[in-house]
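# Structural overview
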Amino acid sequence: MSKSIRIGTRDSELALWQAKTVQQQLEHLGYKTELVPVKSTGDNVLDKPLYELGITGIFTRTLDIAMLNHDIDIAVHSLKDVPTVLPKGIVQAAVLKRGNVKDILVFKTNEEFLSAQNAVIATGSLRRKAQWLNRYPKHTVENLRGNVNSRLKKLEDNSHWNAAIFAAAGLGRIGIRPEQSVNLDWMIPAPAQGAIMITALEQDSFVREACAALNHEESEICTTIERQFLNKLEGGCTAPIGALAEIKNNEVWFKGILLNNDGSKKIEVSKVEKLGKHQNIADFCANYIIERGGKRLMDNIKRSDKKANVYSTKSLTEDQRFLLNKNVTVENSDFIKISLNRILPHLLKNKIQNVIITSKNAVEALTTNYSANKLQFTNIYCVGRRTKRLIESKIGKVTHVEKNAKKLAEYLVEFMNGDEVTYFCGNLRLDDLPHILNKNGIKLHEVEAYQTKFDGLKVPDSVESVMFYSPSTVESFVRENHKEVIAFCIGETTAKEAQKHFADVRVAKVPTVESVIELVNEHYI
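Heads up: these notes are all about the structure in this document.

It is worth spelling out the overall build of the chain at this point. Of regular secondary structure, the chain possesses 17 helices and 24 strands. The C-alpha radius of gyration computed for the chain amounts to 32 Å, which surpasses the reference 24 Å derived for 525 residues by more than 25%, pointing to a less compact arrangement than a globule. Along the first, second and third principal axes, the C-alpha set of the chain runs to 105 × 55 × 50 Å. By residue count, 48% of the 525 residues in the chain fall in the buried class. Considering only contacts in the chain between residues 6 or more positions apart, those separated by 24 or more positions represent 63%. If you sum the accessible surface of the chain, you get close to 25900 Å²; carbon and sulfur atoms cover 46% of it. Charged side chains in the chain number 71 positive and 63 negative. The centres of these two groups are separated by 4 Å.

Here it is, written out as structure tokens:
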């Protein structure tokens, strides 16, 4: 045992405490050791760039580089900070007996603020923030970074903060847990929270043998499960993921959670397996979450950090956003607002032979004002398959449907029975349909069923393409934005308006939002 084992560590108080704990245990076994606090360094002395070696962790990369440069023999880490895939040539040498796994809430005076709507909680952890907001959606969470000492000081100095969240193990190990603190038993901790891990070079058999004597098997089993769960979900410090495995009565008890960043959505899982038959528990639980919307949640989280390259002038549903491929980062808002008008009873007191409905907004206006048995229409003519489905579910059978208003007008000229038709429209309706019908001697009674109001905004500079769903959305966009974009349009009528303003205009195969999304995906393949 003549070789001295150089123990690499960061130089914070907690990191040094952890390194000294490893040092004491190795020296108790008869090994010579030396503490080597490592300052930040670059990768210019390495033979290969960091990405080829898989060096990623913000808290571990300095020690990884020092080890690969043979400046240290082992590194001591808080295991929750270590990426789930280690750099090439570096292996996990031991996991020490795990400490307190819980998160704790440190507050200033008492816990009465928990029932207040304007409470402010501090944490730099997305996982803690998301779980807190899921439980207390009216609270505000502000960012808190730094080592545990500096974070406690910031809590003390920020008069508008009510409390801050910490890992119990970190405060407990250096003896600075305040009396005004409580365990957050309901909060699922970070994978491997409370555990200390030692890494070593894969080829260094002497050091690996020395560290193996410090390994605590139960802690290794539990943290491995948690990190496998994290890896399967493709998470890290940028995703709100919690996991906890515990061994009780020869059984492995596991619970995991995935949330979105603001805590408004969460997916939880729990499972118990016999110890020794637990090898697939992490995969099972990760797949359970993935299959229940976890993949969608993770995709949204990953996209949230990217600048938008596409803007939708209509709010997309979660299912619609999920259809966009990985190269698309979309922002969206409703560029037009619809208000339904009151339709006067005398307009509907008699049965109407011919009716035109060109949008779902008109359907909503009619059915908001009157029940279906009051809407006595012999022939209903409409534009769009979705409008047709809505009419038939709420009013009655559609006589004929066309893709746009112009084609519908041409059909009516040719095939409509009678020479009068009632058109339930909006205040910004186009002129094509009325013009064609009037030109061909068909009397048109227009009823303004709803109003369309422009509500556009200036889009980010990064946006290069825009999704349009009506001529009104195009008009609303150009009122606030004066930039050349690719215009992805839901139909020919919308495209006609877009062509007045943009050089590159593309039209969906069918007039649906999903078809516009297909156009976008084809461009950003």
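On we go.
There is a patch of like positive charges on the surface, built from K314, K360, R385 and R389. For R389, a relative accessible area of 51% corresponds to the exposed category.

Across 6 bridges, strand β1 (residues 4-9) lies against strand β2 (residues 32-37) in parallel orientation. When the sheet's bridge partners are listed, G8 is paired in β2 with V36. This β-α-β element, β1 to helix α1 (residues 13-28) to β2, shows right-handed connectivity.

So, on to the sheet that holds strand β8 (residues 163-167). Pairing is mixed in the open sheet, where 5 strands are placed in the order β7-β6-β8-β5-β9. Two strands bound the open sheet, and with one partner strand each, they are β7 (140-142) and β9 (181-183). On average, adjacent strands in this sheet sit at an angle of 30° to one another, irrespective of strand direction. Inspection of the sheet shows strand β6 (residues 120-122) paired to β7 by 3 bridges, in the parallel sense. Paired with A122 across the bridge in β7 is E142. Along the sheet, helix α4 (residues 126-135) contacts β5 (103-107), β6, β7 and β8; its crossing angle with β8, the most-contacted strand, is approximately 130°. Lying over the sheet, helix α5 (residues 148-157) contacts β5 and β8, oriented at roughly 165° with respect to β8.

Considering only enclosed or pocket space, the second largest pocket measures out at about 1300 Å³ in volume. For the second largest pocket, the lining is made up of 46 residues, of which T358, S359, Y469, S470 and I490 are closest to its centre. Mapped by element, the contributors of at least two residues to the lining of the second largest pocket are β16 (336-340), α11 (360-369), α12 (385-394), β20 (420-426), β21 (443-454), α15 (471-480) and α16 (492-498). Along the lines of polarity and charge, the residues of the lining of the second largest pocket split into 18 nonpolar, 19 polar and 9 charged.

Spatial strand order, β11-β12-β13: 3 strands in an open sheet with antiparallel pairing. The sheet is open, and its two edges are formed by β11 (241-248) and β13 (266-274), each paired on a single side. When strand polarity is set aside, the average angle formed by the axes of neighbouring strands in this sheet is 10°. Where β11 lies against strand β12 (residues 251-259), 8 bridges are found, and the strand directions are antiparallel. Residue pairing for β12: K248 is matched across the bridge by E251. On the sheet, helix α8 (residues 217-232) packs against β11, β12 and β13 and is oriented at approximately 150° with respect to β11.

Bringing helix α9 (residues 281-304) into the picture now. Taking 1.5 Å as the rise per residue, α9 with 24 residues should run 34 Å; its terminal C-alpha atoms sit only 30 Å apart, a clear shortfall. At G293, α9 is bent by approximately 80°, the largest bend along its length. Among all positions of α9, only I281, A282, C285, A286, I289, G294, L297, M298, I301 and R303 are buried. Packed against the buried residues of α9 are α8, β11, β12, β13 and α10 (318-323).

About the criteria used
- Residues numbered from 1 in each chain as written.
- Predicted model: local features only at pLDDT ≥ 70, side-chain atom pairs only at ≥ 80, totals over all residues.
- Heavy atoms only, no water.
- Helix = DSSP H or I, 4+ residues; strand = E, 2+ residues; numbered from the N terminus.
- Rg over C-alpha atoms; globule rule 2.2 N^0.38 Å.
- Buried < 20%, exposed > 50% of the residue type's maximum accessible area, 1.4 Å probe, protein only.
- Contact = heavy atoms within 4.5 Å.
- Areas by Shrake-Rupley, 256 points an atom, 1.4 Å probe, with all protein chains shown as cover.
- Lys, Arg positive; Asp, Glu negative; His and termini not counted.
- Charge placed at Lys NZ, Arg CZ, Asp CG, Glu CD.
- Patch = residues over 30% accessible without salt bridge, like charges linked within 9 Å, V, L, I, M, F, W, Y side chains within 5 Å.
- Salt bridge = Lys/Arg side-chain N within 4 Å of Asp/Glu carboxyl O.
- Pairing = 2+ DSSP bridges.
- Right-handed = clockwise from strand over helix to strand, strands pointing away.
- Axes fitted to C-alpha atoms, helices over the stretch in contact; angles between N-to-C directions.
- 1 Å grid on protein atoms, 1.4 Å probe; cavity = no way out; pocket = protein on both sides within 12 Å on 5 of 7 lines; lining within 4 Å.
- Points joined across faces, edges and corners; volume = space filled by probe spheres on them.
- Nonpolar A, V, L, I, M, F, W, Y, C, P; charged D, E, K, R; others polar.
- Expected span 1.5 Å × (residues − 1).
- Bend = angle between axes of the 7 residues up to and from the residue.

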